[in-house]
Amino acid sequence: QVQLVESGGGLVQAGGSLRLSCAASGGTFGSLTMGWFRQAPGKEREFVAAISRVGGSTFYVDSVKGRFTISRDNAKNTVYLQMNILQPEDTAVYYCAARAGNVYTTVRENDYEHWGQGTQLTVSS
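Residues numbered from 1 in each chain as written. Predicted model: local features only at pLDDT ≥ 70, side-chain atom pairs only at ≥ 80, totals over all residues. Heavy atoms only, no water.

Asks: Sorry, what's going on with the side chain of T91 here?
Replies: Locating T91 in the fold gives a position in the loop between β8 (78-83) and β9 (92-100). When its relative accessible area of 17% is taken as the criterion, T91 is described as buried. There is a polar contact of 2.9 Å between the side chain of T91 and the backbone oxygen of P88. Ignoring any residue separated from it by four or fewer positions in sequence, one finds T91 in contact with A40, P41, Q120, L121, T122 and V123. (Helix = DSSP H or I, 4+ residues; strand = E, 2+ residues; numbered from the N terminus. Buried < 20%, exposed > 50% of the residue type's maximum accessible area, 1.4 Å probe, protein only. Polar contact = N/O pair within 3.5 Å; in protein donor to acceptor, adjacent residues only side chain to side chain. Contact = heavy atoms within 4.5 Å.)

Asks: Explanation requested: the side chain of R99 in the structure shown.
Replies: Checked against the element boundaries, R99 lands in strand β9. For the buried residue R99, which engages in no salt bridge, the nearest side chain bearing the opposite charge is D111, 5.0 Å off. Here the side chain of R99 touches V103 through a polar contact of 2.9 Å, landing on its backbone oxygen. Those residues in contact with R99, other than ones at most four positions away along the chain, are S31, L32, T33, T106, D111, Y112 and E113. (Lys, Arg positive; Asp, Glu negative; His and termini not counted. Salt bridge = Lys/Arg side-chain N within 4 Å of Asp/Glu carboxyl O.)

Asks: Mind showing me how you'd approach empty space enclosed by the protein here?
Replies: Any space left empty among the atoms is revealed by the rolling of a water-sized probe across them. Taken as a whole and assessed by the stated rule, the structure comprises 1 cavity of 30 Å³ or more. Volume-wise, the largest cavity comes out at about 30 Å³. Taken together, V2, A24, S25, G27, T28, F29, L32 and N77 make up the lining of the largest cavity. Among the residues forming the lining of the largest cavity, the class breakdown is 4 nonpolar, 4 polar and no charged. (1 Å grid on protein atoms, 1.4 Å probe; cavity = no way out; pocket = protein on both sides within 12 Å on 5 of 7 lines; lining within 4 Å. Points joined across faces, edges and corners; volume = space filled by probe spheres on them. Nonpolar A, V, L, I, M, F, W, Y, C, P; charged D, E, K, R; others polar.)

Asks: Is there a simple way to think about the pattern of salt bridges in this case?
Replies: Any two side chains of opposite charge can pair, given that their charged atoms come close. The final tally for this structure, using the stated rule, is 6 salt bridges. Two residues, D90 and R38, come together in a salt bridge whose shortest N-O distance is 3.0 Å. Of the two residues, D90 is situated in the loop between β8 and β9 and R38 in strand β4 (residues 32-39); the sequence distance between them amounts to 52 residues. Residue class for D90 comes out buried when judged on its relative accessible area of 1%. The exposure class of R38 is buried, given its relative accessible area of 6%. The partner of D111 in a salt bridge is R108, with the nearest N and O atoms 2.9 Å apart. Residue D111 is classed as buried on the basis of its relative accessible area of 17%. Note on R108: relative accessible area 54%, which makes it exposed. The structure contains a network of salt bridges with shared partners spanning R38, E46, R67 and D90.

What follows is the structure, given as structure tokens:
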């Protein structure tokens, strides 16, 4: 069973940066497509970014393109989300997710089999 543990959330001012990390265990990390989702208060969970198994391809929701960067280190079983130019609307609980196979362009949360517990990001104006 794959286990995912996010870290790095916190409080940041608008315009600032933060990097989230997600450490995976219990599976073959290099065989997993990794993604980040977020859930803002009162809203449904939404897709943010995904990265292919070897990290050569990435996919983002339009609202974070140019500001967020997803990356992975397969030697460390870790995926990252570098977030720059943060805005109050980025405030949410951020979840790391993993799925078997190499389809990284799906935005549906049901396509991901494994989930972390989430980490809170709060962006103050």
